[in-house]
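One-letter residues, chain by chain:
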Amino acid sequence: MIPSQSDIQSSAPNPADELAFIRKVMQDSRRTAVDNGMNYIFWGVWASLGAIASYISSVYQWKIGLYLWGGVISVGWVISWLIVRRGRQKAGTTSLANNVLGAVWMGCGIAMSLIGFVGSMTVLGTGITGVLSIITGTGFYISGLVYGSLWLRYYAAIGWWLGGVLMFCFPGRHVILMLAAEMLLFQLVPGVILYRRWKSEQSEA
Amino acid sequence: MTDFDYQQLDDIIHSRIRLAIMALLASLETAEFTYIREKIGATDGNLSVHLKKLEEAEYITVTKTFVDRKPVTIYTLNKKGRKAFELYVERLEQLLKQSNRFGVEEKK
């Protein structure tokens, strides 16, 4: 809870107290408005499963890659939207930070979907995973700034960017497994950390 | 002048509970009634009275909607409210500077 009942009901003795009170209310409400990381956890698990299935299908030459990713991405978008909707309803509030994060990941998601589907049918070919990896790194870099989290900026973003560079340098079928590993290390792990941070902030509030 | 001139401060905001509501809404985009109630720790009736006062002053905008078939009231700090809040904070800072100056002069 932000201010105590006695804090609120007491009259303001001086401007310094008033300003300190305003600062405390604003800081606490900003802190409790952060994301719960559920979408990172979901995409970390869901997309890594998709990548593993895609690798298996390419080993056995099943030629279902496009349909498989079509299903993974479209179902993913729907579940992701439901997670955001439920989160907002439960929180009872929206903040500018949440809207910025939503816009960043919506932009990255649309870019990745276009590159993944249109790119795979045209010029990009096997380079797609590297491009997707670098876009995801950019999403984490911006998100880290919004969350005020240095580790998210430097651990997850650099992990995705380095992974993208390795994918460009060492192309081949195995890059899809590298993508699955990145999803677990740099998507699922940050999601779990953000969830735990959110949980502890909720219990403090 | 030896005391703070509180007449410079906006009477509508200058109540701890309304100030808390304004500060809360200034840091968020929107907030539901129940969220504000939990954060401020006020009773339903008390909070309603103060929210009504802010609404009448046209500092906040009220939207009534349904979530899972339950009625939900959402509050947003509008342009006029944000401007009033910023002015209130500015005046407080001026008063603080003024008080610091008096403190220094009295010591002399």
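It should be emphasised that the depicted structure is a prediction, and the values quoted were computed from it without experimental measurement. (Residues numbered from 1 in each chain as written. Chains lettered and ligands numbered in written order. Predicted model: local features only at pLDDT ≥ 70, side-chain atom pairs only at ≥ 80, totals over all residues. Heavy atoms only, no water.)

1. Describing the overall build of chain A
- From N to C terminus, chain A includes eight helices and one strand.
- Listing each helix as α and each strand as β along chain A from the N terminus yields α-α-α-α-β-α-α-α-α.
- Across the 205 residues in chain A, those meeting the buried criterion constitute 41%.
- For chain A, the exposed surface amounts to about 10,700 Å²; the carbon and sulfur share of it is 70%. (Helix = DSSP H or I, 4+ residues; strand = E, 2+ residues; numbered from the N terminus. Buried < 20%, exposed > 50% of the residue type's maximum accessible area, 1.4 Å probe, protein only. Areas by Shrake-Rupley, 256 points an atom, 1.4 Å probe, with all protein chains shown as cover.)

2. Overview of the overall build of chain B
- In terms of helices and strands, chain B carries four helices and three strands.
- Secondary structure elements of chain B occur, N-terminal to C-terminal, as α-β-α-α-β-β-α.
- Burial status across chain B gives 42% buried among its 108 residues.
- In chain B, 55% of the contacts between residues at least 6 apart in sequence involve partners at least 24 apart.
- Counting every atom, chain B has about 6,400 Å² of accessible surface; 50% of that belongs to carbon and sulfur. (Contact = heavy atoms within 4.5 Å.)

3. Considerations on the packing of helix α4 (residues 65–91) of chain A against helix α5 (residues 96–121) of chain A
Residues and elements named next belong to chain A.
- Closest axis-to-axis distance for the α4/α5 pair is 11 Å, and the angle between their directions is 170°. One element, α4, and the other, α5, form an angle in the roughly antiparallel class. Every residue of α5 that contacts α4 at L66, W69, G70, I73, W77 and R88 is listed here: N98, N99, M106, G109, I110, S113, F117, S120 and M121. (Axes fitted to C-alpha atoms, helices over the stretch in contact; angles between N-to-C directions. Parallel < 35°, antiparallel > 145°, perpendicular 65-115°, else oblique.)

4. Re the nonpolar core
- I22 of chain A together with L25, I36, L51 and F85 of chain B are the most contacted members of the largest nonpolar core, which has 37 residues in total.
- Looking at this core, the elements with two or more residues in it are α2 (15–32) of chain A together with α1 (16–26), α2 (33–40), α3 (44–56), β3 (70–77) and α4 (79–107) of chain B.
- Those residues within four positions of F85 of chain B in sequence are excluded, and the remaining contacts are I22 and M26 of chain A together with I13, L19, M22, A23 and A26 of chain B.
- Formed by 30 residues, the second largest nonpolar core is a distinct cluster that contains A51, V72, A156 and M183 of chain A. (Core = buried A, V, L, I, M, F, W, Y, C linked by side-chain atoms within 4.5 Å.)

5. Remarks on helix α6 (residues 128–147) of chain A
- In this model, α6 of chain A (20 residues) spans 28 Å end to end at C-alpha, consistent with the 28 Å of a helix rising 1.5 Å per residue.
- Downstream of α6 of chain A by one or two residues, G148 of chain A has phi in the positive range, about 70°. (Expected span 1.5 Å × (residues − 1).)

6. A few points about the packing of aromatic side chains
- Applying the stated rule across the entire model yields 11 aromatic pairs over all chains.
- Taken together, a centroid distance of 5.4 Å and an interplanar angle of 65° make the contact between F42 of chain A and W43 of chain A edge-to-face. A single burial state applies to F42 of chain A and to W43 of chain A, both of which are buried.
- Aromatic side chains W105 of chain A and F140 of chain A sit 5.1 Å apart centroid to centroid with 70° between the ring planes, which places their arrangement in the edge-to-face category. With a gap of 35 residues between them, W105 of chain A in helix α5 and F140 of chain A in helix α6 connect regions that are remote in the sequence.
- Above the ring of F21 of chain A, the side-chain terminus of R16 of chain B is found at 4.1 Å from the ring centroid. (Phe/Tyr/Trp six-rings, centres within 6.5 Å; stacked < 30°, edge-to-face > 60°. Lys NZ or Arg CZ within 6 Å of the ring centre and 35° of its normal.)

7. Details of the pattern of salt bridges
All names here are of chain B.
- Counted by the stated rule, this structure contains four salt bridges over all chains.
- For R37, the salt bridge goes to D44, with nearest N and O atoms at 2.9 Å.
- On the accessibility criterion, R37 (25% relative accessible area) is partly exposed.
- Residue D44 is classed as partly exposed on the basis of its relative accessible area, which comes to 41%.
- Between E58 and K80 there is a salt bridge; the shortest N-O distance is 3.6 Å. Remark: K80 occurs in helix α4 and E58 occurs in the loop between α3 and β2 (60–67); sequence separation between them is 22 residues. (Salt bridge = Lys/Arg side-chain N within 4 Å of Asp/Glu carboxyl O.)

8. A closer look at the packing of α5 of chain A against α6 of chain A
All names here are of chain A.
- Relative orientation of the contacting elements α5 and α6 amounts to 175°, with a least axis distance of 10 Å. It follows from the interaxial angle that α5 and α6 lie roughly antiparallel. Contact with α5, carried on its side by A97, V100, L101, V104, W105, C108, A111, M112, I115, G116, G119 and S120, involves I128, V131, L132, I135, T136, G139, F140, I142, S143, V146 and Y147 of α6 and no other residues of that element.
- Among the residues making up the contact of α5 with α6, the classes are represented as 17 nonpolar, six polar and no charged. (Nonpolar A, V, L, I, M, F, W, Y, C, P; charged D, E, K, R; others polar.)

9. Re the environment of G81 of chain B
- Considering the arrangement of structural elements, one finds G81 of chain B in helix α4.
- Along the chain, G81 of chain B and I13 of chain B lie 68 residues apart, while their C-alpha atoms are 9.5 Å from each other.

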